[in-house]
Amino acid sequence: QLDIQYKVNDYYKAPLAKQYVLGFEHFFAGGMHFRAEAYYKDISRLPDTYYTFANIDEFYPESRDDLFRVSFDKAKASGIEFYLKYDTGNKFSWWLSYVLSEAKEYYSNIHYAGKLTRELGWQSRPWDQRHTINAEANYRMSNKWHFNMTWQYRSGWPYTPYEVISKKREDGTYAFFH
């Protein structure tokens, strides 16, 4: 990974993740299957990430004048999942799962030339979602035809509303205030 669009000329070290998983699984008579797993992931050597104030999903963020760089010391993720499945090999089968999880990263520095309030320390990762429920039903009409229905509910990703105000400097550039 080489972020040349941000004038980075050195390769980042590969991130390191240590993951620990503890699981329990049981097959009941009659086609029922239950599984529970708990996990903890410790992540280090994370590369810096670049964001813009207005739009984190900006297609060409390097072209914006409100670009800032965030350095991370580490990240962690943990959760527990419960899974229940019914399948006897007959025409109808289903499964259901629930996940409770958390993903955080440690902000060690925010690099920005303008005035910016710095919230350092542990913050939720952009894709952190606490609750996820998945359900699926399958109907096997024949060996060639299967009808499937899937449903998912998840709590949203973390969101902090903010307002950015820009002020033009004497040299023609802008400073951004949060």
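Just so you know, the residues in each chain are numbered from 1, in the order the chain's sequence is written. Restriction of local features to residues with pLDDT of at least 70 applies here, the model being predicted, together with a cutoff of 80 or more for giving and counting side-chain atom pairs; totals for whole chains, interfaces and linings are based on all residues. As a convention, hydrogens and water are excluded, and side-chain values are obtained from all of the structure's heavy atoms.

This next bit is on the nonpolar core. Most often, soluble globular proteins keep nonpolar side chains buried together rather than apart. Of all hydrophobic cores here, the largest spans 10 residues; its members are I43, L46, Y51, F68, V70, F72, A75, Y107, I110 and Y112. Those elements that place two or more of their residues in this core are β4 (67-87) and β5 (92-111). For helices the rule is a DSSP run of H or I covering at least 4 residues; for strands it is a run of E covering at least 2, with both sets numbered from the N terminus onward. The leading source of residues in this core is β4, at four residues. Side-chain atoms within 4.5 Å are what join buried Ala, Val, Leu, Ile, Met, Phe, Trp, Tyr and Cys residues into a set we call a nonpolar core. For every residue, the accessible area obtained with a 1.4 Å probe (protein chains only) is divided by the maximum for its type, and the residue is called buried under 20%, exposed over 50%, and partly exposed between those limits.

Next up on the list: unusual backbone geometry. Positive phi is not limited to glycine here, since R45 has a value of about 55°. Within the secondary structure, R45 sits in the loop between β2 (32-44) and β3 (49-52).

Okay, the packing of aromatic side chains next. Centre distance within 6.5 Å is the pairing criterion for rings of Phe, Tyr and Trp, where only the six-membered ring of Trp is used; planes under 30 degrees apart are then read as stacked, over 60 as edge-to-face, and the remainder as tilted. Tallied over the entire structure, the rule returns six aromatic pairs. Geometrically, the ring pair formed by Y86 and W94 is stacked, given 6.2 Å between the ring centres and 25° between the ring planes. A cation over a ring is seen here: R35 above Y83, with NZ or CZ 4.4 Å from the ring centre. Definition used: whenever NZ (Lys) or CZ (Arg) falls within 6 Å of the ring centre and also within 35 degrees of the ring normal, the charge is taken to sit over that ring. A cation over a ring is seen here: K74 above Y106, with NZ or CZ 5.3 Å from the ring centre.

Right, let's talk about the pattern of salt bridges for a bit. The working definition used for a salt bridge is a side-chain nitrogen of Lys or Arg within 4 Å of a carboxyl oxygen of Asp or Glu. One pass over the structure, following the stated rule, counts four salt bridges. Among the salt bridges present, the one from E102 reaches R130, with a minimum N-O distance of 3.3 Å. Here R130 lies in the loop between β6 (121-124) and β7 (131-140) and E102 lies in strand β5, a separation of 28 residues in the sequence. Using a relative accessible area of 29% as the deciding quantity, one classes E102 as partly exposed. Several salt bridges converge on common partners, so that one network encompasses E102, D128 and R130.

Time to look at the side chain of T132. Tracing the backbone shows T132 in strand β7. T132 sits in the buried class, given a relative accessible area of 7%. Think of a polar contact as two N or O atoms within 3.5 Å of one another; within protein, one of them needs to be a possible hydrogen donor and the other a possible acceptor, and neighboring residues in sequence only count if both atoms come from side chains. Among the polar contacts made by the side chain of T132, one reaches the side chain of Q129 at a distance of 2.9 Å. Two residues qualify as a contact provided that any one of their heavy atoms is within 4.5 Å of a heavy atom in the partner residue. Every residue in contact with T132, bar those within four places of it in the chain, is listed here: S97, Y98, V99, Q152, Y153 and R154.

For the rest of this paragraph, the subject is the pairing of β5. Judged from the 18 bridges that link them, β4 and β5 form a sheet pairing that is antiparallel. For S78, the partnering residue across the bridge sits in β5 and is E102. Strand pairing follows a simple DSSP-based rule, namely that at least 2 bridges must link the two strands. Where β4 folds back onto β5 in an antiparallel hairpin, the turn is made up of four residues, including G89, whose phi is positive at roughly 90°. The pairing of β5 with β7 spans nine bridges and is antiparallel. Residue pairing in the sheet places W94 in a bridge with A137 of β7. The pairing of β5 with β6 spans four bridges and is classified as antiparallel. If you follow Y106 over to β6, its bridge partner there is W122.

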